[in-house]
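For reference, the chains in residue letters:
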Amino acid sequence: MKIVAADVIVTSPDRNFVTLKITTDEGLTGLGDGTLNGRELSVASYLRDHVVPLLIGRDPHRIEDTWQFLYRSAYWRRGPVTMAAIAAVDVALWDIKAKAAGMPLYQLLGGASRTGIMAYGHASGRDLPELFDSIRRHLDEGFRSIRVQTSVPGINAVYGVATQPSADGKRYDYEPAQRTPLPAEEDWDTRAYLRHLPGVFEAVRNEFGPELPLLHDGHHRMTPIQAAKLGKALEPYDLFWLEDCTPAENQEALRLVRRHTTTPLAIGEVFNTVWDYQTLIREQLIDYVRSAVTHTGGITAMRKLLDYAAQYQIKSGIHGPTDISPVGMAAALHLDLAIHNFGIQEYMRHGALTDEVFRQSFTFTDGYLHPGEQPGLGVELDEAAAAKFPYVPAYLPFNRLKDGTVHDW
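Attention here is on the structure that accompanies the text. What you see is a predicted model; the values in this text were computed from it and never measured. (Residues numbered from 1 in each chain as written. Predicted model: local features only at pLDDT ≥ 70, side-chain atom pairs only at ≥ 80, totals over all residues. Heavy atoms only, no water.)

Take the pattern of salt bridges next. Using the criterion set out here, one finds 24 salt bridges in the structure. Taking the shortest distance from any N to any O, the salt bridge between E130 and R126 comes out at 2.9 Å. Residues joined by salt bridges that share partners form a network here, namely E243, E269, R290 and E346. (Salt bridge = Lys/Arg side-chain N within 4 Å of Asp/Glu carboxyl O.)

Below is the structure:
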């Protein structure tokens with residue numbers, strides 16, 4: 001079998017997606033997700049102009065060899081653009097291999113280690129009554145684990161709060177990359193946030209009891225000592241995890257956080273290789289790996305990363321917002337089902353237009369996801385529908401402090 005074509009498809013139903021479609025001389029096709037939120041065209045160009053010519057004529061079954069070739073032959077390694085492009089190729093090749101075998105992909109990864117994949121939903125509100133209503137809606141939809149995000153008095157806009165206004169009128173936590181000519185500017189005050197948040201979790205626990213798993217995303221906005229302070233303050237409310245409490249490019253910073261709190265820590269949605277985790281995993285400074293299959297070199301790389309984490313009893317918490325396409329989401333679910341050290345899966349429902357373009361076999365029932373039993377990934381791309389939604393420029397917001405300093409968003 002040989003690769004005879006590789007097409008890069010950019011479409012924007014609900015939001016922008018980059019999809020790689022690989023075709024073989026036997027008529028099998030595979031899909032890979034190369035979406036990089038707010039920088040989609042950089043990956044599309046990397047694929048179309050640099051990677052696709054290298055694929056024609058290759059054996060699609062040689063997945064490991066192709067991965068190593070794309071990673072090492074460029075000389076310039078790592079980075080989100082490179083790794084998203086490699087992920088698109090890798091996932092598409094796994095899709096082809098599983099279709100050739102006539103099996104759902106998870107069977108080629110060792111088979112199922114569980115019957116379903118626990119997912120968490122995203123509740124938010126500008127005040128406690130609105131937040132409580134959002135939690136109840138998510139429970140009614142079947143979610144059994146809930147991420148809690150809230151507005152903060154004195155701050156106009158906070159990441160993850162759906163009902164606050166955004167520059168383009170979209171639901172904020174479902175599409176933070178806003179379709180505006182320039183990035184939207186938001187404000188931030190860490191001291192106000194640290195004062196407000198523990199009281200929110202106290203109220204949520206009082207309302208919904210001790211059993212409901214609760215998560216929270218700090219979104220990289222705290223220094224290590226601030227993160228340690230928050231983790232300690234949230235200990236009475238028994239969080240499932242505190243996510244991205246501080247920018248973890250400085251991996252050693254997590255030593256300080258770990259010394260001061262037993263709140264579980266999840267890190268890594270902006271990471272893209274195992275090297276970003278080396279200290280964090282070896283020194284057991286985190287509890288959950290948050291990388292996305294789409295941004296971390298695909299299934300081949302993520303499986304190795306999670307096997308490394310398993311040696312230290314660290315579990316998966318794969319990134320799964322709506323800027324991961326249904327193709328990338330399906331790849332994550334097949335991996336979730338197969339690995340032993342699964343923790344939880346982030347899940348945000350895609351919009352109706354996205355579902356029109358990407359036909360999916362995965363299901364969500366009683367709080368659990370399953371990738372389905374179709375051969376391959378179980379996702380098909382309707383190219384005619386995709387063509388109806390051309391790319392629209394979009395940017396993620398950014399933060400400034402009260403004195404005008406640019407801050408982590």
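Next comes the rest of the account.
What follows deals with the packing of aromatic side chains. Under the counting rule described, the total for this entry stands at 15 aromatic pairs. On the numbers, 5.4 Å between centres and 85 degrees between planes, the contact of Y159 with W409 is edge-to-face. One end of the pair, Y159, is in the loop between strand 5 (146–150) and strand 6 (185–187); the other, W409, is in the segment after strand 18 (406–407), and 250 residues separate them in sequence. For the pair Y159 and W409, one class covers both residues: buried. Residues Y347 and F364 carry aromatic rings whose centres are separated by 5.3 Å and whose planes lie at 50 degrees to one another, so their mutual orientation is tilted. Of this pair, Y347 sits in the loop between strand 12 (345–346) and helix 12 (352–357) while F364 sits in strand 14 (residues 363–365), and the two are 17 residues apart along the sequence. We classify Y347 as buried; its relative accessible area is 10%. One aromatic cluster is present, formed by Y120, F240, W241 and Y288 through successive ring pairs. (Phe/Tyr/Trp six-rings, centres within 6.5 Å; stacked < 30°, edge-to-face > 60°. Helix = DSSP H or I, 4+ residues; strand = E, 2+ residues; numbered from the N terminus. Buried < 20%, exposed > 50% of the residue type's maximum accessible area, 1.4 Å probe, protein only.)

For the largest pocket, the calculated volume is near 940 Å³. Lining the largest pocket are 36 residues, with H219, E269, V270, L396 and W409 sitting closest to its centre. Partitioning the lining of the largest pocket into residue classes produces 16 nonpolar, 10 polar and 10 charged. (1 Å grid on protein atoms, 1.4 Å probe; cavity = no way out; pocket = protein on both sides within 12 Å on 5 of 7 lines; lining within 4 Å. Points joined across faces, edges and corners; volume = space filled by probe spheres on them. Nonpolar A, V, L, I, M, F, W, Y, C, P; charged D, E, K, R; others polar.)

None of the figures reported here should be taken as evidence of function without further support.
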